[in-house]
Amino acid sequence: MDELRRYNRFVGTMCGLAGLMYGIDIGLIAAALPYIKATCSYTPAQLSSIVAAVLLGAIPGSFFSAQVAERWGRLAAFKLTAVVFAVAVPLICLSNGSFVLMMTGRLLQGAGCAFVGLSAPLYMAECSPPESRGRGTGMIQLILTVGLVVAALVGWAVTWFFGPAESAEVSLAAKGMAWQSIFWFSMIPAFFLFFGSFRLKESPRWLFRKGRREEARASLAAGNPPEACARILAEMEANEAASTVTAVNGRAVKDSLLQRKYVLPFALAFAILCLTQATGVNSVLNYSVDLMHKAGLAGSLANVSDTVIKLVNFAMTIVALGLVDRRGRKFLLSLGTAGVVVGLAAVGFTFLAIERGWLGAGPLAGWLATGGFVLFIAAYGVGPGVCVWLALSELMPTRIRANGMMIAGYGNAATSWAIAQSFLPWSAAWGESGVFFTLAGVAVLYFLVAAFVLPETKGKSLEEIERYFTKKK
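A brief structural summary. (Residues numbered from 1 in each chain as written. Predicted model: local features only at pLDDT ≥ 70, side-chain atom pairs only at ≥ 80, totals over all residues. Heavy atoms only, no water.)

### Section: the overall build of the protein
Secondary structure summary: the protein contains 18 helices and two strands in total. Here the protein, with 473 residues, has 60% of them falling under the buried criterion. Long-range pairs, those at least 24 residues apart, make up 84% of the contacts in the protein between residues at least 6 apart in sequence. Just so you have it, the protein exposes about 18,400 Å², and 68% of that area is on carbon and sulfur atoms. (Helix = DSSP H or I, 4+ residues; strand = E, 2+ residues; numbered from the N terminus. Buried < 20%, exposed > 50% of the residue type's maximum accessible area, 1.4 Å probe, protein only. Contact = heavy atoms within 4.5 Å. Areas by Shrake-Rupley, 256 points an atom, 1.4 Å probe, with all protein chains shown as cover.)

### Remarks on the side chain of Asp306
Examined against the element boundaries, Asp306 turns out to sit in helix α13 (residues 300–323). Apart from the residues lying within four places of it in its own chain, the contact partners of Asp306 are Ala30, Ala152, Leu285, Ser288 and Val289.

### Concerning the pattern of salt bridges
Throughout the structure, instances matching the rule amount to seven salt bridges. Between Arg74 and Glu70 there is a salt bridge; the shortest N-O distance is 3.6 Å. Residue Arg74 is classed as buried on the basis of its relative accessible area, which comes to 0%. In this structure, a network of salt bridges that share partners links the residues Glu70, Arg74 and Arg209. (Salt bridge = Lys/Arg side-chain N within 4 Å of Asp/Glu carboxyl O.)

### As for the packing of aromatic side chains
Applying the stated criterion across every chain, the model contains 14 aromatic pairs. Arranged with centres 6.2 Å apart and planes meeting at 5°, the rings of Phe351 and Phe436 form a pair that is stacked. Of this pair, Phe351 sits in helix α14 (residues 329–355) while Phe436 sits in helix α17 (residues 398–452), and the two are 85 residues apart along the sequence. Neither Phe351 nor Phe436 differs from the other in exposure class; each is buried. Stacked on the ring of Phe10, the Lys or Arg Arg199 has its end atom at 4.3 Å from the ring centre. Between the NZ or CZ atom of Arg213 and the centre of the ring of Phe208, over which it lies, the distance is 3.9 Å. (Phe/Tyr/Trp six-rings, centres within 6.5 Å; stacked < 30°, edge-to-face > 60°. Lys NZ or Arg CZ within 6 Å of the ring centre and 35° of its normal.)

### Remarks on helix α4 (residues 99–127)
Helix length check: α4, at 29 residues, gives a terminal C-alpha distance of 42 Å against a target of 42 Å (1.5 Å per residue), a fit within 8%. Of all 29 residues in α4, 23 are buried; the element is thus mostly enclosed. (Expected span 1.5 Å × (residues − 1).)

### Considering the environment of Leu268
Considering the arrangement of structural elements, one finds Leu268 in helix α11 (residues 260–278). Residue classification places Leu268 among the buried positions, given a relative accessible area of 5%. Remark: the alpha-carbon pair of Leu268 and Met396, spanning 128 residues in sequence, is separated by 9.1 Å. Leave out the neighbours within four places in its chain, and Leu268 touches Leu395, Val449, Val453, Leu454, Pro455 and Phe469.

### Here we look at the environment of Ser171
The residue Ser171 is located in the loop between α5 (130–162) and α6 (172–185) in this model. A residue is classified by how much of its surface remains accessible, and Ser171, at 39% relative accessible area, is partly exposed. Separated by 132 residues in sequence, Ser171 and Thr39 have C-alpha atoms that sit 9.5 Å apart.

### Examining a nonpolar patch on the surface
There is a patch of nonpolar side chains on the surface, built from Ile188, Phe191, Phe192, Phe195 and Phe198 and spanning about 560 Å² of accessible area. Relative to the assigned elements, Ile188 resides in helix α7 (residues 187–196). Take Ile188: its relative accessible area is 44%, and that puts it in the partly exposed class. (Patch = residues over 30% accessible without salt bridge, like charges linked within 9 Å, V, L, I, M, F, W, Y side chains within 5 Å.)

### Description of helix α1 (residues 2–39)
Counted at 1.5 Å a residue, the expected span for α1 with its 38 residues is 56 Å, and the 53 Å between its end C-alpha atoms agrees. Of all the bends found along α1, the most pronounced is centred on Ala32 and spans about 45°, while Pro34, a proline, follows it within four residues. Of all 38 residues in α1, 28 are buried; the element is thus mostly enclosed. (Bend = angle between axes of the 7 residues up to and from the residue.)

### Observations regarding the nonpolar core
Within the largest apolar cluster, 125 residues are counted, with the highest numbers of intra-cluster contacts made by Ile36, Phe78, Trp179, Phe183, Leu200 and Phe436. Sort the elements by how many residues they give to this core and α1 lands first, with 20 residues. Judged by nonpolar contacts, the second largest core, of nine residues, contains Ala216, Leu220, Leu233 and Met236. (Core = buried A, V, L, I, M, F, W, Y, C linked by side-chain atoms within 4.5 Å.)

### Describing the environment of Ala216
The topology assignment puts Ala216 in helix α9 (residues 213–223). In the structure, Ala216 is positioned 11 residues away from Arg205 in sequence and 6.8 Å away in space, judged by C-alpha atoms.

### Let's talk about the packing of α6 against α7
Look at α6 against α7: their axes get within 5 Å of each other, and the N-to-C directions meet at 15°. With respect to their mutual orientation, α6 and α7 come out roughly parallel. For the pair formed by α6 and α7, the contact residues are Phe183, Trp184 and Phe185 on the first element and Met187, Ile188 and Pro189 on the second. Class assignment for the residues of the contact of α6 with α7 results in six nonpolar, no polar and no charged. (Axes fitted to C-alpha atoms, helices over the stretch in contact; angles between N-to-C directions. Parallel < 35°, antiparallel > 145°, perpendicular 65-115°, else oblique. Nonpolar A, V, L, I, M, F, W, Y, C, P; charged D, E, K, R; others polar.)

As structure tokens, then:
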């Protein structure tokens, strides 16, 4: 049993390391952006494109990651994640003011994030026992939040060491070294992920579906006791037999994502993924330092606010991990989305007060805005932050999981990119209050889906969840 626990911990560690890499790469732009502004002659539109490029790169990245995961296995996609990140960072750091090189590196970072977003929860869900799958898959989100905190702390340390980006006393060379240091730091987890992944075993469910039954049995045995292995194999065989359709000419026809029995689970996973991004969470994390400057927190105080927001995200994710397998996904997602609505509305009212002149931009307004962001990110961490990974990997049946996650990933990345790309011009046209009130309205829709449409999957095996959607009425 000790050996089983050690292996399961190692699986969790590697998937968590992938989440750490994801979090660092998402979070570092908030600290690096002021220095990039100060040292590179990019237009506002180009700066928006650089911020949003990670999200844009995730769109083709979702396609390629799904193809790799489906054709060559979940582990192949896992390993390629680290390789993509290792290529992206040097391109960014050596761009030397070249917008094309900077964009290419950021797009590759986005592709790497898409590989993490698909391969890590997919691998974890297919390898974890039902009773701990929520905690295990949620651990990816927890370590992702650690990555966000680490990125914020690195930004804070860089600001302290090199000086604020807006300071005329700091040389251009020092400012250039500041943002490059932030990006070079993100290479560290990629190195450990790549070499550590060679100790992992392939997903048993992918092996089973490819007809490699003995390898699937051996993979299951690495993390499950014998009786659990026998039960899971029996369930997989029963589902395989039930989902094979025989054509008139006697050939087996594979299940399609477009079959009616798969439409509801796919639509639910797709909607939850898109609605999660439509709360504007990535834009809040990417633009947080700039938003704090607008609210009135100057210099390193904006970095302090950014760090507080990300520490709260981390703390509430720990709370969610303790509850997700006890209270369930539906409860946490309903509670979290309700809090997201309140938090976004609070930020909107703070910026409305600044825009109308009821409150001057300064420390008071800045910390009020921080309070709204903290409420938003706390609710996000306890609900969507953890449950979105589970919805994506649990709801869709094994036969369509990789391709379904790929298409859902398109919607996720496209929604996130559209908000990040339009955030600055949108704020200029409507004001920050208009942006955050709109996002709060979208979050209301998210709450309705979570509370009244999403089924509970707590404690159920992947095969049981599949039968819930495919059973005949």
